Amino acid sequence: MSDSTAAFVGDIPKNYDGKMGPVLFDHMARMMAQRAAAKAPGDVLEIAAGTGIVTHHLAAMLGNDARIVATDLNEPMLNIARDKFDETQTVAFQSADAQELPFDDDSFDVVICQFGHMFFPERSRAYDEARRVLRPGSHYLFTTWGSNAENPYSELVIETLADAFMSDPPGFMKVPFSLSDARLILEELAQAGFVEVDHEVTDHNPTVASYDEFAHGLIFGSPAFFEINERGGDHADIARDLADRMRARFGYEPSTMPLKAHFFAMATP
């Protein structure tokens, strides 16, 4: 995968946040924020914060009782997140690599990450960094998606793109769902030295008000946009085809579609 197809730049962050976010990420973001807030943290670090969907809910729940530092590798994503906050809120934004965090040891009470681990080239380094910046007895919370089959909208994206580019089908949509083996993750967490590890499977059936809007977000709000560019495809035509396939699979809107994710919670010794 080229650098361009791995990047969230240009208009991608805006489409990701506005057209994909409400369907795919908001429910899990609320759950993440609630569970992080239940720890009553004084200092929270969010890694792979993206456009601040979790950050927004967390700040609303914690108010000014906690310091929140939201980080992401992609500055254009953080720019969308920054616009959701005013200067009175105790939220700071910083570009940072989860595998090399620019923070001192024992700096945070909670570290959270929603749907970021599948993008880390070396997850063991990210685990080590999260543990390093956490204080003893503190908590690490993160989510990953289930498989493509367990999130069938993604299968429709893959199918639509494969039919549009039979000789060279784009592959990005497989990446977000590539870390669905909970047993593997639990083994990695044990090796990283975390304790009190808890795993929960979360099913959710969001209502989709417009498959045209959702499909537009998937095509214009992810690195699949660049994969289509590289192959000379018509983004709008592909988005329309995808929306039609979603209606055929899930019914005319408003309708629901299934999502499945994994939630992991653990502590530092």
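Each value, and the rule that gives it
Residues numbered from 1 in each chain as written. Predicted model: local features only at pLDDT ≥ 70, side-chain atom pairs only at ≥ 80, totals over all residues. Heavy atoms only, no water. Helix = DSSP H or I, 4+ residues; strand = E, 2+ residues; numbered from the N terminus. Pairing = 2+ DSSP bridges. Axes fitted to C-alpha atoms, helices over the stretch in contact; angles between N-to-C directions. Salt bridge = Lys/Arg side-chain N within 4 Å of Asp/Glu carboxyl O. Buried < 20%, exposed > 50% of the residue type's maximum accessible area, 1.4 Å probe, protein only. Parallel < 35°, antiparallel > 145°, perpendicular 65-115°, else oblique. Left-handed = near helix turned anticlockwise from the far one by under 90°. Contact = heavy atoms within 4.5 Å.

This next bit is on the environment of Asp65. Structurally, Asp65 can be placed in the loop between α2 (53–62) and β2 (67–72). The spatial distance from the C-alpha of Asp65 to the C-alpha of Ala40 is 8.9 Å, given a sequence separation of 25 residues.

This next bit is on the sheet that holds strand β1 (residues 43–46). Taken together, 7 strands build an open sheet; the order of strands is β3-β2-β1-β4-β5-β9-β6 and the sheet is mixed. The sheet is open, and its two edges are formed by β3 (91–95) and β6 (195–204), each paired on a single side. The average angle at which neighbouring strand axes cross in this sheet is 15 degrees, direction not considered.

The next point concerns the pattern of salt bridges. Across all of its chains, the model carries 24 salt bridges by this definition. Two residues, Arg247 and Asp212, come together in a salt bridge whose shortest N-O distance is 2.9 Å. One end of the pair, Arg247, is in helix α9 (residues 235–250); the other, Asp212, is in helix α7 (residues 211–220), with 35 residues separating them in the sequence. Accessibility expressed as a relative area gives 14% for Arg247, which makes it buried. Note on Asp212: relative accessible area 42%, which makes it partly exposed. Taking the shortest distance from any N to any O, the salt bridge between Arg231 and Glu230 comes out at 4.0 Å. What makes Arg231 partly exposed here is its relative accessible area of 25%. For Glu230, a relative accessible area of 48% translates into the label partly exposed.

Two numbers describe how α7 lies on α9: the axes approach to 8 Å, and their chain directions differ by 130 degrees. In terms of axis orientation, α7 runs oblique to α9. Considering how the two elements wind past one another, α7 and α9 form a crossing that is right-handed. Along the contact surface, α7 presents Tyr211, Asp212, Phe214, Ala215, His216, Leu218, Ile219 and Phe220, while α9 presents His235, Ala236, Ile238, Ala239, Leu242, Ala243, Met246, Arg247 and Phe250.

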